[in-house]
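Examining the three-dimensional arrangement
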Amino acid sequence: MAIAEDLEVARFLKDQPKKLFIGGRWVESASGRQFGVENPATGESLAAVAEAGAEDVDRAVAAARRSFDSGVWRDLPPAERARALWKVGDMIEERATEFAQLETLDNGMPINDALLFHAPLAAATFRYYAGWVTKLDGATQQVSLPGRYLSYTLREPVGVVGQIIPWNFPLLMAAWKVAPALACGNSVVLKPSEETPLSALLLAELLQEAEVPDGVVNVVPGRGEIAGARLAAHPDVDKVAFTGSTEVGKLIARASADSNLKRVSLELGGKSPNIVFADADLTRAVSGAFFGIFFNQGQVCSAGSRLFVQKKVYDETLDELLKTVKETRIGPGIDPVTQMGPLVSKAQQERVLGYITLGNKEGARMLSGGGRPAGLEEGYFVEPTVFADVDGRMTIAREEIFGPVLSAIPFDDEDDLVAKANSTIYGLVAGVWTSDVARAHRVAHALKAGTVYVNCYHIVDPVTPWGGYKQSGWGRELGPYALDLYTELKNVIVDIS
Ligand code: NAD
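Residues numbered from 1 in each chain as written. Predicted model: local features only at pLDDT ≥ 70, side-chain atom pairs only at ≥ 80, totals over all residues. Heavy atoms only, no water.

Thoughts on the overall build of the protein
What the protein contains, in helices and strands, is 16 helices and 22 strands. Here the C-alpha radius of gyration of the protein, 23 Å, is about what a compact globule of 497 residues would show, namely 23 Å. In terms of its C-alpha atoms, the protein occupies a principal-axis envelope of roughly 70 × 65 × 40 Å. Going through the 497 residues of the protein one by one, you find that 58% of them count as buried. Considering only contacts within the protein whose residues lie at least 6 apart along the sequence, 75% involve residues at least 24 apart. Entry remark: accessible area of the protein is about 19500 Å², with carbon and sulfur atoms responsible for 52%. Looking at charge distribution, the protein has the averaged site of its 49 positive side-chain charges lying 5 Å from that of its 63 negative ones. (Helix = DSSP H or I, 4+ residues; strand = E, 2+ residues; numbered from the N terminus. Rg over C-alpha atoms; globule rule 2.2 N^0.38 Å. Buried < 20%, exposed > 50% of the residue type's maximum accessible area, 1.4 Å probe, protein only. Contact = heavy atoms within 4.5 Å. Areas by Shrake-Rupley, 256 points an atom, 1.4 Å probe, with all protein chains shown as cover. Lys, Arg positive; Asp, Glu negative; His and termini not counted. Charge placed at Lys NZ, Arg CZ, Asp CG, Glu CD.)

Have a look at this one:
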């Protein structure tokens, strides 16, 4: 293992194997099994991690249940819970370099993205939800029946919440899940992805330091089909919040139905249209098209993977885009000059290369990339790849690739565009580039997507609702909307006549 001693994260990585965090203690898995985590830039081993099995998930759920029923967290004065969450935000910020290095080594992302985007947004998410703890108000209702009634609502925590997250934004996804759940007074069992479990374990250290009581957050790295499946089917879990693929999202919904009808929220896949009208500022649109698909190596649920360009500016837009693609610096994420790092794993690299082969076979015109970059064979790199003249029926235009592969599709006019852009099973986000204000709003209304960006892309803030139409999910995270996901609404009606 070649981790430079001068990295701030060296301390965390030295202490191995990493253990499960259950009931406020660091414990081995019941089976004693461990799994390895790789650095995708080199293929080298990064850490050994205790692997949670079904028995460990049961232990974690029992610890969460005990903490919930005891009221040790949910019954704390709201201002105290708020203080603890704010402190977690501060600690993430103070240790941003350590988190950023860990994300980069574990996931592959460029260090500057981790440092300037992921860590600050994770900190901001904790602070934002710290603000909500003291504001979880109910309402009163004016009853019209004969007699006199006082009717009011209370927001109560759902209870024990299972949270299952993917590997693409490990720290940020953990923050999006844990912060609102804790703000509402729930107890949590978090299962990070087996590809990238490390930042969730570092976050658990911080939660402990911030004096979040034992058992309120438990972290159980483990395989999806074992630990994740047990959490989703567990009869004593009141709610499961899942972010990941649509395929697994359907299994989660089924597991809920087959067990205890636990509440389910799902943040799933996407195949988002990024749309350039001929009247757009092309310089900005091209950089938005590049950022839309190649940020995080295309491993973003909201990646603008279908680039629709109006025919009048189609050739010019692609020519300009290719210039940017050719200048992209690909390399290990830990090198600060890197703009694109490796994909998360060998399996993901092979999957993406398989789609590129399919794109060529189905007749799309490949303008750039298509393979592994020279000189970086030891890591799981894929070149930024642009296909032109993609037809909506081709596999690369329909399926989520989750890698640096763009499908460019020409269109005639607004009506043609809207029909094509909406022709997908997904509906997470869309981008529109135009200088016509009326058109921007018309198209934003016509697109079936949870978020529509106009003259921007990948803008995310803790206040902006996040979630999808159609098979991109159920429910909305972030903003006050996440509070609905993590509370039950109780109505109390008192006869006061
Ligand atoms: P995935 O569905 O394979 O895995 C996600 C999580 O589910 C992991 O923790 C995994 O261990 C677990 N899991 C796998 N099988 C399971 C099972 N049978 N039961 C319970 N849990 C199981 O997804 P991934 O490859 O980690 O991530 C990529 C996917 O996530 C993409 O489809 C992407 O669009 C989606 N995603 C969506 C959002 C969003 O906000 N909508 C954000 C990030 C990623």
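Side note on the site of the ligand
Around the ligand, the structure places 28 residues, and the nearest of them are Ile165, Glu194, Ser245, Leu268 and Glu400. A distance of 3.5 Å is found between a nitrogen atom of the ligand and a backbone nitrogen or oxygen belonging to alanine 229. Summarising the interface, the protein chains cover 89% of the accessible area of the ligand, which totals 850 Å² for the free molecule. Broken down by secondary-structure element, the contributors of at least two residues to the shell around the ligand are helix 8 (224-233), strand 10 (239-243) and helix 9 (246-258). Broken down by element, the residue count for the shell around the ligand peaks at four residues, all from helix 8. Looking at the shell around the ligand, its residues break down into 15 nonpolar, eight polar and five charged. Inspection of the shell around the ligand shows a minimum of three residues originating in each of domain 1 (10-268 + 473-491) and domain 2 (273-461). (Near = heavy atom within 4 Å. Polar contact = N/O pair within 3.5 Å; in protein donor to acceptor, adjacent residues only side chain to side chain. Nonpolar A, V, L, I, M, F, W, Y, C, P; charged D, E, K, R; others polar. Domains from an automatic or database assignment.)

A few points about the domain arrangement of the protein
Once the domains are mapped, the protein shows domain 1 (10-268 + 473-491) and domain 2 (273-461). Averaged C-alpha coordinates put domain 1 and domain 2 at centres separated by 31 Å. Tallying the contact residues gives 29 residues for domain 1 and 30 residues for domain 2. Contact between domain 1 and domain 2 buries roughly 2200 Å² in total, counting both sides, with carbon and sulfur atoms accounting for 63%. Inspection of the domain 1/domain 2 interface yields zero salt bridges. Here domain 1 and domain 2 share six residue pairs in polar contact (both at pLDDT 80 or more) between them. Secondary-structure elements contributing two or more residues to the side of domain 1 that touches domain 2 are helix 4 (96-107) and helix 5 (111-132). Of all the elements, helix 5 adds the most residues to the side of domain 1 that touches domain 2, at six residues. (Buried area = accessible area lost by both parts, 1.4 Å probe. Salt bridge = Lys/Arg side-chain N within 4 Å of Asp/Glu carboxyl O.)

Some words on the sheet that holds strand 5 (residues 140-141)
Judged by pairing direction, the sheet is antiparallel, and its three strands sit side by side in the order 5-6-22 without closing on themselves. Whereas interior strands pair on both sides, the edge strands pair on one side only; in this sheet they are strand 5 and strand 22 (487-495). Relative to strand 22, strand 6 (residues 149-157) is paired through nine bridges, and the arrangement is antiparallel. Its bridge partner being in strand 22, leucine 154 is matched across the sheet by lysine 490. (Pairing = 2+ DSSP bridges.)

What to know about the side chain of asparagine 107
By the element assignment, asparagine 107 lies in helix 4. With relative accessibility at 0%, the residue asparagine 107 sits in the buried group. For asparagine 107, the side chain forms a polar contact with the main-chain nitrogen of methionine 109, separated by 3.1 Å. A distance of 3.2 Å separates a polar atom in the side chain of asparagine 107 from the backbone oxygen of asparagine 168. Discounting chain neighbours no more than four positions away, the residues touching asparagine 107 are Pro40, Trp167, Asn168, Pro170, Thr196, Asn296, Pro342, Leu343 and Val344.

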